Structure formats: structure tokens, C-alpha cells
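Per-entry structural report
If you want the building blocks of each chain, they are given just below.
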Amino acid sequence: MGRELRRLLERAHIVDVEACEAIQEIFQRHNKRMWIHFAPFLISYNLPPARSIHMIDIEGSLVLMQVSIRNGIARSDLLCTPVPYTDKITHWLTRLPDILGQEDIRIIWVDEDEVSKLRSQFGEKLTYGDKGPEYIYEPEKVWRMDGHTFRDIRKRVRRMEKTFPDFMDLSLEHISECQELLRKWRSLQGRKNHFLLDWGYTRAALNEFHRFSAESLYGWCVKIKGKVEAFALAGPMTNDTANFFVAKTNPEMPGLSEYLRWKVLGELRAFTYVNDAGDLGIDGLRQHKMKMRPTDLKKTFTATLMATGPKR
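As a starting point, this report considers the structure included with it.

What counts, and where the lines are drawn
- Residues numbered from 1 in each chain as written.
- Predicted model: local features only at pLDDT ≥ 70, side-chain atom pairs only at ≥ 80, totals over all residues.
- Heavy atoms only, no water.
- Salt bridge = Lys/Arg side-chain N within 4 Å of Asp/Glu carboxyl O.
- Phe/Tyr/Trp six-rings, centres within 6.5 Å; stacked < 30°, edge-to-face > 60°.
- Helix = DSSP H or I, 4+ residues; strand = E, 2+ residues; numbered from the N terminus.
- Buried < 20%, exposed > 50% of the residue type's maximum accessible area, 1.4 Å probe, protein only.
- Lys NZ or Arg CZ within 6 Å of the ring centre and 35° of its normal.
- Pairing = 2+ DSSP bridges.

Inspection of every chain in the model, using the stated rule, returns 20 salt bridges. A salt bridge links Asp77 to Arg75; the shortest N-O distance between them is 2.9 Å. Linking Lys141 and Glu138 is a salt bridge whose minimum nitrogen-to-oxygen distance equals 3.3 Å. In this structure, a network of salt bridges that share partners links the residues Arg75, Asp77, Asp104 and Arg106.

Here is the structure:
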């Protein structure tokens, strides 16, 4: 780790549950709505020593830096653009690759408007790639399941209801069963999709669930015949948008995933919109999420800022 990076991190704080509400307030104040803009995710995603998430105040903006260590080598990137993204911070961002002693720095989540602004400021020093869409739902519409377009979801939900699932608020007594289900999910899904990495932050979120305020992180589980077979986590991002953070079900129970999403979206009807993240490029997950008839597919990108211009 270079001297400049050490100095930078000396000004930083590792994100933790105590910082949750303060981080979310900044996101809300500046109307940030990408899935990344959900403080409980950031806190759960902090998994040192392999990956640590640092929050730093630079020129009055919140900077979220990811420091990853692989094979003893540290690399630093930004999780998202600084909030707010002001003219003052542009000069600092231009210098950041050199400060870190890196050829480039990634901004891992960037929306369409941010890409446009970054391109206008950095020109050839900036490259970017498509990260895929985030699925935006109107929960009231999904809950009603009206019309032909929701026919498949209605059939699956009604079929699952015949098993008499017990949908309830998540409590501390359910956590061990949820962790057991998560292990089962990983063993089964991992055979098909070895790059599914959300189990780490899902496990951390379950472990810390009792420490989050009830206003920051909501939780539910589904019991069938007395056993937890599904669980979900969600929470508010802005006054009108919620984040569907985690949804895990027993993969051996067809229709349970649709039932869980439908029930959770019903619980989130106080919000106009729900951001249900992306599909990881997995056809099955894309098809599953499209069944819920998203109102919008919000484009997201990863941007890379070069220290001395694009590589040849």
C-alpha cells in the first residue's frame, strides 16, 4: 500500500452499522436511486481483509472507496461517484489514480447521467462498459397482478398458496435457519453459477440484522410446514423508492421465488418504486424478474479513469 493511499485512508472510516443512517441520509438528500445507494448493502459488503469499504469526506462529498487485496496486492476503486458530485471534486478525482499509485481507477456503479457528465469532463481518459439494467417495479401494480401480463405470476403464486406458506416478519430467532438455507442455496446454485458472490454480503447482513434499526432494514421469512424456506431483506433509499436487497428461497421449491417477491413487493406498497437490482447476465434470473413487469430498466455502467489516457 503506497504512502499517498495510507494518508488518504487515515482520513477515512470503515463503514459500519453506526454510520448507516448518516450514509442513507446523504443518498436521500441527493436523490440517489441506483441499487448501490443503499447503506445496509455497503455495510454488509464490507468484508475485510479481502475487501474493505471506506467512507471519506472530500471537499464536502461522500466518497466510498473499496480496497481489495488479492495475492498480497491492494487495489482501490470507487463504488460510485462521490455524493454530491461537484466541480470541486473533479480535480481531486483527476489526481486519484496517481494518488493511489495505479494506472487507473474504476467507478464500479455509474448511471447514465453520470457517465455523460464524466465523459464531458475526462474525455479520452475515461472508458466505460455496460453493467446491465436494474429492474424498477411499481409495487402496487405487482401486488394487484391485474391483466394478462401477470397471468404466469398469478398461477405460480396461487399454486404456492396451496402449500399454506407462513409469511412473517424476520426476527432473531429465524437467523440460524436463514443461514442454513443460505448454505443450501449456495451449494445448489453455485453448481450452475459459480460467480454468484452475493452470499458473502447476505450472510453478513443476516449476522448483523439485529443491529440495524427497523427503519433502515426490513426483513421477512417464509415458513412451510414449520421450516424457513425463504427470506428477504429490503429498505428505504428515498421517500418514494425502496431497495429490494436480498431474496433467497429453497431452489427445490418451484414458485416459491415468485411468491416471495410478490409478498415483499406487497409489503413495500408505501413506496412508488422498488429497485430490484440487476440480473447478473443470467437468463433465468432475467426471465424471472421480467415476469414482474418492471416499469423501467435503469441502465448502469462501470467507468474507468486512466491516469495518463487510455491504453493502446
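Still to come is the rest of the account.
Here we come to the packing of aromatic side chains. Here the structure, examined in full by the defined rule, presents 15 aromatic pairs. Here Tyr45 and Tyr201 contribute two aromatic rings whose centre-to-centre distance is 6.2 Å and whose plane-to-plane angle is 65°, an arrangement assigned as edge-to-face. In this pair, Tyr45 is assigned in helix α3 (residues 39-45) and Tyr201 in helix α9 (residues 198-208), connecting sequence segments 156 residues apart. One exposure class covers both Tyr45 and Tyr201, and it is buried. Measuring from ring centre to ring centre gives 6.1 Å for Tyr218 and Trp220, while their planes differ by 70°; the resulting arrangement is edge-to-face. Since its relative accessible area comes to 23%, Tyr218 is described here as partly exposed. A residue is classified by how much of its surface remains accessible, and Trp220, at 4% relative accessible area, is buried. Three or more aromatic residues link up through ring pairs in this structure, and these residues are Trp35, Phe38, Phe41, Tyr45, Trp109, Tyr201 and Phe245. Positioned above the aromatic ring of Tyr45 is the side chain of Arg51, whose terminal nitrogen or guanidinium carbon lies 3.5 Å from the ring centre. It is Lys248 that lies over the ring of Trp185; its NZ or CZ is 4.3 Å from the centre.

Pairing of strand β6 (residues 126-137) with strand β12 (residues 296-306), which is carried by ten bridges, proceeds in the antiparallel orientation. Following the sheet pairing, Pro133 is matched in β12 by Lys299. Of the strand pairs in this sheet, β6 and strand β11 (residues 273-275) are connected by two bridges, and their pairing is antiparallel. Counterpart to Ile136 in the pairing with β11 is Asn275.

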